[in-house]
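# Understanding the architecture of this molecule
Below are the chains, spelled out letter by letter.
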Amino acid sequence: MVDYLKKDIATALGNPNLHTALGNFADDYVKSREKAYASRDFQALRQKVKAVKSSAAERMHELAKQFTARVEERGGKVYLARDAQAAVDYIIRLAKEKGVQTVVKSKSMASEEIHLNHHLQAQGIEAFETDLGEWIIQLCKQRPSHMVMPAIHMTRQQVAEVFSRATGQELPPDISRLVKVARENLRQKFLRADMGISGANIAIAETGTLVLLTNEGNARLVTTLPPIHVAVVGLEKLVASLQDALPIIEALPRSATGQQITSYVTMITGPVPAAGLDGTERPKEFHVVLLNNGRTGLRDDPEFKEALQCIRCASCLNVCPVYRLIGGHVFGDVYTGGIGTILTAFLGQNQEKAARLQTLCIQCGRCREFCPGLVDISGLLEKLRQRTQSQNKPGLAQRLVLEKVLGNRQLFHRLLRTAAAAQKPFVQGGMVRHLPLFLAGLTKEKSLPALAGRPLRERTKELARPQGKPRARVAFFAGCLTDFIYPQIGIATSRVLAALQMEMFFPLEQTCCGYPAGEAGFTDTFRRIARQNIAVFQQANADYIITPCPTCAAAWKKLYPQLLAEDADWATKANLLAQRVYDFSTFIMEQGGEALMRGCHPSGQTVTYHDSCHMKRTLGVFAAPRQLLNAAGYQLAEMRFSDVCCGFGGSYSLQYPELSAGMLQKKLQWIGESGAGIVATDCPGCTMQISGGLDRAGLPVKALHTAELLAKAIERS
């Protein structure tokens, strides 16, 4: 299964057209969206969307009943389909009863979900997609790669080739010409179709109204010209009232395509007469298929029901660093990207495919920032990963590393010391640039930092101490990278703290924070490690606990209390310690570090800052390091997309080195564009990833932790 996915990834990464199409859109999307939301309070709006959608999900059956009553009062029919087969059977039966030969379709991901075109074709019924992107995809015999822009992966040249084959005429890659060709070809199909099949963005229960937001106008032709209109609508599209529909209408186009409103907002309340070819009115049938197909199961799952707050804007895809590299044909099924993976698991219950796709998420959490429905997509994917892990037997190598090694501090540290000795033939200038045999791929796209000759735990005598009596004792939680690769970060931290008249010490019994085990779904191992670290730092009895790693800080402050919540004694200990845990920059700011740094001599160096994912999105810290660097006399030059993942992601860079490298290359491009000679970050993992890429690319830029830069500033003063 993994080999199959690896092959798909390699194919996608080797497609320059895909990179150009997705990259250009991803770069432009953020600006367009920001402009579209300029006059709106996004945070307030997403709270409204969440409230409307979560309330509707809880009342799904009640709203379906109300919607059905209103539609039937106006002469329409509503069929509640428990699953995909029931929906298909209803539509096929209807088509046969009415002698339908041709169908035109628009705006229906739900019909994609039930593979309706395939079933219609099997019955000898021609189905024509009329959304431009969907028509292109149908002509190519592909599936959509994006929920809003299904043909986003194709260039205009490719579309011209497709249209040329379909029409028998040589067409230039001119967009306006291609649109005209599509319009000319589809117009007769609208006029002669026996049935129109659409979806809907919203279904309003109080009035029985379907709402469609479109840009091409074809949906109006599909829903008005044929004598039969069938709308296939997921139950999650129901809302209680017109008032409840408004925040969705406001958010959907802004988040989907960066538009304030779509070209067409169509509301359909019951059947209206259709027009024949001669212009005369004829009666019309109106059917709504309300599709369950796993939606009530999703609603009833307390861990995953928030996925029903999704409004299918696909903003999560638009900002996903993995999606921009490989697109929806690899990262997705009918529904694409992170949210698509969750829907794949529940709607149609393709657990095997969902298990494969969930591993592609790097857990950067950027989707969470942009989601107008306030869906914690990366958090849900992590839960899905844990659930999958608990249901499947992990591989021997994974169990060996995460259960036996990571959970055993002495064994883990002994192996790291052994590796430090074994690496010596490959180390040059503190970096490993080539590895032999099956390890060669690890240094293909980036150099690796050498393991430190002496870890920080063996250099505690080098930690700086304040002159005179310290005003606080600060315990240092290093994390694996600082302890065994970057001990200088720990020493730099002690120098900054000493300048603030604080004493830093290193509890020797500490071990890995356990996050890698938790991320891989080894919850019991993660919990065991949490107890071990809590016991060590409780005994240390420090005034504060500081860590230079935001992932470790997140583990201490947020995950340990959650992991141990069901054990009252350990939960109390975890919560008490969590209140004393700080990431480096936040702690230095709160302890008067900015004033201290203003006394330093300016360095004259230009620094750009990279926001680590856990630092910004989990801890919510992004201003403090910038303020400290500015105060310390560094000239800050912001890079584009400073908060887009660098591609490290812990074990992700080992599991998917090709995707990690793709993200790293974009980060190096943005660093280079900033013109800075130093890139600062508060994450040792990001430091490792970026410094390795800079070294491999031969770029004259250094990657340093903020603690190192502040310590240097203090040395200058």
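Whatever comes next refers back to the structure up there.
Below or above, wherever it landed, is the structure these notes cover. (Residues numbered from 1 in each chain as written. Predicted model: local features only at pLDDT ≥ 70, side-chain atom pairs only at ≥ 80, totals over all residues. Heavy atoms only, no water.)

Turning to the overall build of the chain, a few remarks are in order. Within the chain one finds 35 helices and 23 strands. Its C-alpha atoms give the chain a radius of gyration of 28 Å, near enough to 27 Å, the size a compact globule of 717 residues would have. The principal-axis extent of the C-alpha atoms belonging to the chain is close to 95 × 60 × 50 Å. At a minimum sequence separation of 6, the contacts of the chain that also span at least 24 residues come to 78%. As displayed, the chain has an accessible area near 29400 Å², and 51% of this comes from carbon and sulfur atoms. (Helix = DSSP H or I, 4+ residues; strand = E, 2+ residues; numbered from the N terminus. Rg over C-alpha atoms; globule rule 2.2 N^0.38 Å. Contact = heavy atoms within 4.5 Å. Areas by Shrake-Rupley, 256 points an atom, 1.4 Å probe, with all protein chains shown as cover.)

This part is about the packing of helix α2 (residues 16-36) against helix α12 (residues 242-257). It is at 7 Å that the axes of α2 and α12 come closest, and there the two elements cross at 150 degrees. The angle between α2 and α12 places the two elements in the roughly antiparallel class. Here α2 contributes Phe-25, Tyr-29, Arg-33 and Ala-36 to the contact with α12, which in turn contributes Arg-254, Ser-255 and Ala-256. Within the contact of α2 with α12, the residues separate by chemical class into 4 nonpolar, 1 polar and 2 charged. (Axes fitted to C-alpha atoms, helices over the stretch in contact; angles between N-to-C directions. Parallel < 35°, antiparallel > 145°, perpendicular 65-115°, else oblique. Nonpolar A, V, L, I, M, F, W, Y, C, P; charged D, E, K, R; others polar.)

The 4 strands lie next to each other as β17-β16-β18-β19, forming an open sheet whose pairing is parallel. Of all strands in the sheet, those bounded by a partner on one side alone are β17 (502-505) and β19 (581-583). In this sheet, neighbouring strand axes are inclined to one another by 35 degrees on average, regardless of whether the strands run parallel or antiparallel. Of the pairings in the sheet, the one linking strand β18 (residues 544-547) to β19 comprises 3 bridges and is parallel in character. Paired with Thr-547 across the two strands is Asp-583, which belongs to β19. (Pairing = 2+ DSSP bridges.)

Once that is clear, we can look at helix α26 (residues 550-563). Helix length check: α26, at 14 residues, gives a terminal C-alpha distance of 18 Å against a target of 20 Å (1.5 Å per residue), a fit within 8%. Along α26, the largest kink reaches about 40 degrees and is centred on Trp-556. With 10 of 14 residues buried, α26 is to be regarded as a mostly interior element. All of the buried residues along α26 are Pro-550, Thr-551, Cys-552, Ala-553, Ala-554, Ala-555, Trp-556, Tyr-560, Pro-561 and Leu-563. (Expected span 1.5 Å × (residues − 1). Bend = angle between axes of the 7 residues up to and from the residue. Buried < 20%, exposed > 50% of the residue type's maximum accessible area, 1.4 Å probe, protein only.)

Throughout the structure, instances matching the rule amount to 8 cavities of 30 Å³ or more. Every residue lining the largest cavity is counted, 18 residues in all, and those nearest its centre are Cys-316, Cys-320, Phe-331, Cys-361 and Cys-367. At the level of elements, α14 (315-318), α16 (337-346) and α19 (377-391) are the ones that each hand at least two residues to the lining of the largest cavity. Of the residues forming the lining of the largest cavity, the biggest block, 3 residues, is contributed by α19. (1 Å grid on protein atoms, 1.4 Å probe; cavity = no way out; pocket = protein on both sides within 12 Å on 5 of 7 lines; lining within 4 Å. Points joined across faces, edges and corners; volume = space filled by probe spheres on them.)

So, about unusual backbone geometry. Within the chain, Asn-293 stands out as a residue other than glycine whose phi angle is a positive 50 degrees. Position of Asn-293 relative to the elements: it lies in the loop between β12 (285-291) and α13 (295-299). Judged by relative accessible area, Asn-293 falls into the buried class, the value being 9%.

In terms of nonpolar packing, the biggest core is built from 73 residues, with Phe-67, Leu-210, Val-322, Ile-326, Ile-339, Leu-360 and Leu-659 touching the most fellow members. Not counting the four nearest positions on each side in its chain, Leu-210 is found in contact with Phe-67, Ala-200, Ile-202, Ala-203, Ala-231, Val-233, Thr-266, Met-267, Ile-268, Phe-286 and Val-288. Judged by nonpolar contacts, the second largest core, of 61 residues, contains Phe-522, Cys-552, Trp-570 and Phe-648. (Core = buried A, V, L, I, M, F, W, Y, C linked by side-chain atoms within 4.5 Å.)

Once that is clear, we can look at the packing of aromatic side chains. Counted by the stated rule, this structure contains 15 aromatic pairs. Through a chain of ring-to-ring contacts, three or more aromatic side chains come together here, namely Phe-477, Phe-526, Phe-537, Trp-556 and Tyr-560. Against the face of Tyr-335 rests Arg-312, its NZ or CZ located 5.2 Å from the ring centre. When the ring centre of Tyr-582 is taken as origin, the NZ or CZ atom of Lys-557, which lies over that ring, is 5.7 Å away. (Phe/Tyr/Trp six-rings, centres within 6.5 Å; stacked < 30°, edge-to-face > 60°. Lys NZ or Arg CZ within 6 Å of the ring centre and 35° of its normal.)

This part takes up the sheet that holds strand β8 (residues 238-239). Within the open sheet, the 4 strands sit side by side as β8-β5-β6-β9. Their pairing is mixed. The sheet is open, and its two borders are formed by β8 and β9 (264-269), each paired with just one other strand.

Let's shift gears to helix α10 (residues 175-192). With 18 residues, α10 should cover 26 Å at 1.5 Å per step; its first-to-last C-alpha distance of 26 Å lies within 8% of that length. Among the residues of α10, those classed as buried are Leu-178, Val-181, Ala-182, Leu-186 and Phe-190. Summarising the contacts, the buried residues of α10 are in contact with β2 (102-106), β3 (126-129), α8 (132-140), α9 (156-167) and α11 (218-224).

Our focus in this paragraph is the state of the cysteines. Taken as a whole and judged by the stated rule, the model has 0 disulfides. Residue Cys-646 stays outside any disulfide, its sulfur separated by 3.9 Å from that of Cys-686, the closest cysteine. Take Cys-646: its relative accessible area is 2%, and that puts it in the buried class. Summary of cysteine pairing: Cys-686 is not part of a disulfide, and the nearest cysteine sulfur, belonging to Cys-683, is at 3.7 Å. Given the relative accessible area of 6%, Cys-686 is considered buried. (Disulfide = S-S within 2.5 Å.)

Along the polypeptide, Thr-681 turns up in strand β22 (residues 678-681). Excluding residues that lie within four positions of it along the chain, Thr-681 makes contacts with Tyr-609, His-610, Ser-612, Cys-686, Thr-687, Leu-704, His-705 and Thr-706.

Turning our attention to the environment of Met-597. Tracing the backbone through its elements, the reader meets Met-597 in helix α29 (residues 593-598). Between the alpha carbons of Met-597 and Ala-632 there is a distance of 4.5 Å; along the sequence they are 35 residues apart. Setting aside residues no more than four positions away along its own chain, Met-597 makes contact with Val-496, Leu-628, Ala-631, Ala-632, Leu-710, Ala-713 and Ile-714.

Read these as layout, nothing more, since geometry by itself doesn't imply function.
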